[in-house]
Amino acid sequence: MPTVDDILEHIGEFHLFQKQTFFLLALLSGAFTPIYVGIVFLGFTPDHRCRSPGVAELSQRCGWSPAEELNYTVPGPGSAHGASFLSQCMQYEVDWNQSTLGCVDPLSSLAANRSHLPLSPCRHGWVYDTPGSSIVTEFNLVCAHSWMLDLFQSVVNVGFFIGAVGIGYLADRFGRKFCLLVTVLINATSGVLMAVSPNYAWMLVFRLLQGLVSKAGWLIGYILITEFVGLGYRRTVGIFYQVAFTVGLLILAGVAYALPHWRWLQLTVTLPNFCFLLYFWCIPESPRWLISQNKNARAMKIIKHIAKKNGKSVPASFQSLREDEDAGEKLNPSFLDLVRTPQIRKHTLILMYNWFTSSVLYQGLIMYMGLAGGNIYLDFFYSALVEFPAAFIIILTIDRVGRRSPWAASNMVAGAACLALVFIPDGLQWLKITIACLGRMGITMAYEMVCLVNAELYPTYIRNLGVLVCSSMCDIGGIITPFLVYRLTDIWLEFPLVVFAVVGLVAGGLVLLLPETKGKALPETIEDAENMQRPRKKKEMRIYIQGKKADFQLS
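What counts as what
Residues numbered from 1 in each chain as written. Predicted model: local features only at pLDDT ≥ 70, side-chain atom pairs only at ≥ 80, totals over all residues. Heavy atoms only, no water. UniProt positions renumbered as here; feature names shortened; annotations may be inferred. Helix = DSSP H or I, 4+ residues; strand = E, 2+ residues; numbered from the N terminus. Buried < 20%, exposed > 50% of the residue type's maximum accessible area, 1.4 Å probe, protein only. Contact = heavy atoms within 4.5 Å. Areas by Shrake-Rupley, 256 points an atom, 1.4 Å probe, with all protein chains shown as cover. Phe/Tyr/Trp six-rings, centres within 6.5 Å; stacked < 30°, edge-to-face > 60°. Lys NZ or Arg CZ within 6 Å of the ring centre and 35° of its normal. Polar contact = N/O pair within 3.5 Å; in protein donor to acceptor, adjacent residues only side chain to side chain. Core = buried A, V, L, I, M, F, W, Y, C linked by side-chain atoms within 4.5 Å. Axes fitted to C-alpha atoms, helices over the stretch in contact; angles between N-to-C directions. Parallel < 35°, antiparallel > 145°, perpendicular 65-115°, else oblique. Left-handed = near helix turned anticlockwise from the far one by under 90°. Nonpolar A, V, L, I, M, F, W, Y, C, P; charged D, E, K, R; others polar. pLDDT = per-residue confidence, 0-100. Expected span 1.5 Å × (residues − 1). Patch = residues over 30% accessible without salt bridge, like charges linked within 9 Å, V, L, I, M, F, W, Y side chains within 5 Å. Salt bridge = Lys/Arg side-chain N within 4 Å of Asp/Glu carboxyl O. Arc of directions from axis to C-beta. Disulfide = S-S within 2.5 Å.

- As recorded by an unreviewed UniProt entry, the chain carries the name Solute carrier family 22 member 2 and is attributed to Mesocricetus auratus.
- In its Sequence similarities (unreviewed entry) section, the UniProt entry covering the chain states "Belongs to the major facilitator (TC 2.A.1) superfamily. Organic cation transporter (TC 2.A.1.19) family."

Okay, structure coming up:
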């Protein structure tokens, strides 16, 4: 019986239908950006200080400038906690409404040295130096409550982890399209509810719901587009699907600049998600999944729709897809299928480690470089631009060299860059930045490669489950990366870089143990996946003869 790839060769591997579907799913990819990295703007922490009753009135009466008000009323250096902690989280125990305070150094009448004045934690809230708002400024997630901002980001990563595994199973069991639409509806609804949340607790609940469905929806979109196109276009659409995410980063920076208030920003980036519900009429179910479930009549109906859209016709020899009468019951995905057989077990373990590595190095390098500078919007914009060269390097090399070598090399380049940063002196700052950007580009390439190859190593009926289970390890990496960066730097400033280097170099070596997928059809069965590393003949002529009880393949 012919495979979907055989049929696509005749009706179009990347013609009008696939191009329209790719465009629609690329919009879905770009819309995932605010959930994955929106914390940069939603949780922006501006400079802040304790709100002290009477200070504003005294400042107005004395005609102080903002700098003079800070100098006279906010604690400064002189404590073991450091100047930053003092100025942001402590206040003088002074009644600023008393009439005896003068306009020139008002605290001098209370103590000869201001460092001797008693201090206390902020009791009346904070004053934030920002024209906009964020969840930090609205819910006062600073000082003793700063851990609540970390929890806000951890919750979405926990949601990514649980949702990727659970919805991955459901997508392989009940279909890609159904699960995609359900995730879109839940994501859009919870995003709007988060924008109107009355308090931090409800906001956290809706953030968790977004995490449960959003990443799973993004990956289902990736699976769908790779299953709709022919063999020669899988890698291109896979890479550009991720480039759409990078475009989303650039757009997010512009939208956040135009809307500095977090509730309006959250609404603006969420409402377009409701438009994706129209995909019910625009995007069909994957024929590959239908065939894996022995729903061949529906699969052929969709294949004929694709052919008509592409201005082609299904060849007479492929007009009908007959159910395999010897197949018995349809195949249902199981988590055990990911480790049951030797080659698929090896693929699963290596892919899980590489997803973990990509997340740790990608996020870790961003944290270590300290991208938060003078202009958060420009810093975010520039950091996203470095991802474009990574995508185009993959496109230029992947067909000439293959998947495995560039993937291994990108991991090793990222690891070697981290190791080199350990030995570069602080005086050569330009060199440190250059090497760090090289490492960022390398791990971006590795991130895109693992997503591409992951889908190519599993048979159809567990492909979605395999991608989502393995990719869930990047959520584990996202949860622990802040601890790797901030805790290890307390021991030794370059310690995280040493860890990143070891992790990246090991990942590059493990990739070399995987089979090369360049030019190979997507595996349809467990046997296909197990035999991927076996050498194949350059050309194989297949003749299909349909008999009463079986299909015979003559070579």
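So much for the structure itself; the text now carries on.
1. Quick word on the overall build of the chain
Logical step 1: Secondary structure assignment for the chain yields 24 helices and six strands.
Logical step 2: Classification of the 555 residues of the chain by burial places 52% in the buried group.
Logical step 3: Taking all contacts inside the chain whose residues are at least 6 apart in sequence as the whole, residues at least 24 apart take part in 81%.
Logical step 4: With an accessible surface of roughly 25100 Å², the chain has 65% of that area assigned to carbon and sulfur atoms.

2. Digging into the packing of aromatic side chains
Logical step 1: What the rule picks out here adds up to 21 aromatic pairs.
Logical step 2: Relative to Tyr447, the ring of Trp355 has its centre 6.1 Å away and its plane inclined at 75°; by these criteria the two rings are edge-to-face. Pair noted here: Trp355 is in helix H17 (residues 342-369) and Tyr447 is in helix H21 (residues 429-456), with a separation of 92 residues, a long-range link. Take Trp355 and Tyr447: they sit in the same class, and that class is buried.
Logical step 3: Cluster of aromatic residues (ring-pair linked, three or more members): Phe32, Tyr36, Phe160, Trp218, Tyr222, Tyr241 and Phe245.
Logical step 4: One cation-aromatic arrangement involves Lys177 over Phe280; the distance from NZ or CZ to the ring centre is 4.8 Å.

3. A closer look at the side chain of Asn310
Logical step 1: Positionally, Asn310 belongs in the loop between helix H16 (296-309) and H17.
Logical step 2: When its relative accessible area of 10% is taken as the criterion, Asn310 is described as buried.
Logical step 3: Within the structure, Asn310 has its side chain in polar contact with the side chain of Gln18 (distance 3.2 Å).
Logical step 4: Residue contacts for Asn310: discarding those within four places in its chain leaves Ile11, Gly12, His15, Leu16, Phe17 and Gln18.

4. Here we look at the nonpolar core
Logical step 1: Formed by 145 residues in total, the largest nonpolar core has its most connected members in Ile135 and Trp407.
Logical step 2: Among the elements that make up this core, the one with the highest residue count is helix H11 (residues 200-228) (14 residues).
Logical step 3: Here Ile135 is in contact with Leu42, Gly43, Asn140, Leu141, Leu149, Phe152, Met203 and Trp262, once residues within four sequence places are set aside.
Logical step 4: Grouped together as the second largest cluster of nonpolar side chains are 12 residues, Val55, Tyr72, Tyr92 and Trp96 included.

5. A look at the packing of helix H9 (residues 147-174) against H11
For any two helices packed against each other, one specifies the crossing angle of their axes together with the interaxial distance.
Logical step 1: Between H9 and H11, whose axes approach to 7 Å, the crossing angle comes to 40°. Taken together, the axis directions place H9 and H11 in an arrangement best described as oblique. Note on packing geometry: the crossing formed by H9 with H11 is right-handed.
Logical step 2: The residue inventory of the contact of H9 with H11, partitioned by class, reads 18 nonpolar, five polar and two charged.

6. Description of the confidence of the model for the chain
Interpretation of the predicted coordinates at a detailed level should be avoided for regions scoring low in pLDDT.
Logical step 1: Taken over all residues, the pLDDT of the chain has a mean of 82, while the share at 70 or more is 89%.
Logical step 2: Note on residues 78-82: pLDDT is under 50 here. Beyond four places in sequence and across chains, it has two contacts.

7. Here we look at helix H23 (residues 495-511)
Logical step 1: With 17 residues, H23 should reach 24 Å at 1.5 Å per residue; the first-to-last C-alpha distance of 25 Å fits that figure.
Logical step 2: Listing the buried residues of H23 in full gives Pro496, Leu497, Phe500, Ala501, Val503, Gly504, Ala507, Gly508 and Val511.

8. Considerations on the packing of helix H2 (residues 16-31) against helix H12 (residues 234-258)
Logical step 1: Contact pair H2 / H12: the axes reach a minimum separation of 7 Å and the direction vectors enclose 45°. Regarding the angle of H2 to H12, the classification is oblique. Remark: the crossing between H2 and H12 carries right-handed chirality. Seen from H2, the contacting residues are Phe22, Leu25, Ala26, Leu28, Ser29 and Gly30; seen from H12, they are Val237, Phe240, Tyr241, Ala244, Phe245 and Gly248.
Logical step 2: Looking at side-chain class alone, the contact of H2 with H12 contains nine nonpolar, three polar and no charged residues.

9. Here we look at a nonpolar patch on the surface
Logical step 1: Together, Leu170, Phe174, Phe178, Val182, Ile186, Trp202, Val205 and Leu209 make up a nonpolar patch on the protein surface, roughly 700 Å² of accessible area in all.
Logical step 2: Of all the elements in the fold, those that place two or more residues in the nonpolar patch are H9, helix H10 (176-195) and H11.
Logical step 3: Counting through the fold element by element, Phe174 comes out in helix H9.

10. Quick notes on helix H19 (residues 387-398)
Logical step 1: Between its first and last C-alpha atoms H19 spans 17 Å; for 12 residues at 1.5 Å apiece the expected length is 16 Å, and the two agree.
Logical step 2: Every buried residue belonging to H19 is among Glu387, Phe388, Ala390, Ala391, Ile394, Ile395 and Ile398, and all of these are buried. All buried residues of H19 lie within an arc of 165° about the axis, which places them on one face of the element.

11. Let's talk about the pattern of salt bridges
Logical step 1: Evaluation of the coordinates by the stated rule reveals nine salt bridges.
Logical step 2: Between Arg49 and Asp129 there is a salt bridge whose closest N-O contact spans 3.0 Å. Of this pair, Arg49 sits in strand S1 (residues 48-50) while Asp129 sits in the loop between strand S4 (126-128) and helix H8 (135-139); the two residues are 80 residues apart in sequence, bridging distant segments of the chain.
Logical step 3: Classification of Asp129 as partly exposed rests on a relative accessible area of 44%.
Logical step 4: Close ionic contact of Arg403 with Glu456 constitutes a salt bridge, the shortest N to O distance being 2.9 Å. Here the residue Arg403 occupies a position in the loop between H19 and helix H20 (404-423), and Glu456 occupies one in helix H21, the gap between them amounting to 53 residues. By the burial criterion, Arg403 is buried, and Glu456 matches it.
Logical step 5: Shared partners join several salt bridges into a network, and the residues in it are Arg49, Glu69 and Asp129.

12. Here's the deal with the state of the cysteines
Linking two cysteines covalently through their sulfur atoms gives a disulfide.
Logical step 1: Scanning the model with the defined rule gives three disulfides in all.
Logical step 2: Residue Cys50 pairs covalently with Cys122 via a disulfide, S to S 1.7 Å. Taking the torsion about the sulfur-sulfur bond, which here is approximately -60°, the covalent link between Cys50 and Cys122 counts as left-handed. Of this pair, Cys50 sits in strand S1 while Cys122 sits in the loop between strand S3 (119-121) and S4, placing them 72 residues apart in sequence.
Logical step 3: Disulfide pairing is shown between Cys62 and Cys103; the S-S distance is 2.0 Å. Measuring the twist about the S-S bond at about -75°, one finds the Cys62-Cys103 disulfide to be left-handed. Of the two residues, Cys62 is situated in helix H5 (residues 55-62) and Cys103 in the loop between strand S2 (90-92) and S3; the sequence distance between them amounts to 41 residues.
Logical step 4: Residue class for Cys103 comes out partly exposed when judged on its relative accessible area of 30%.

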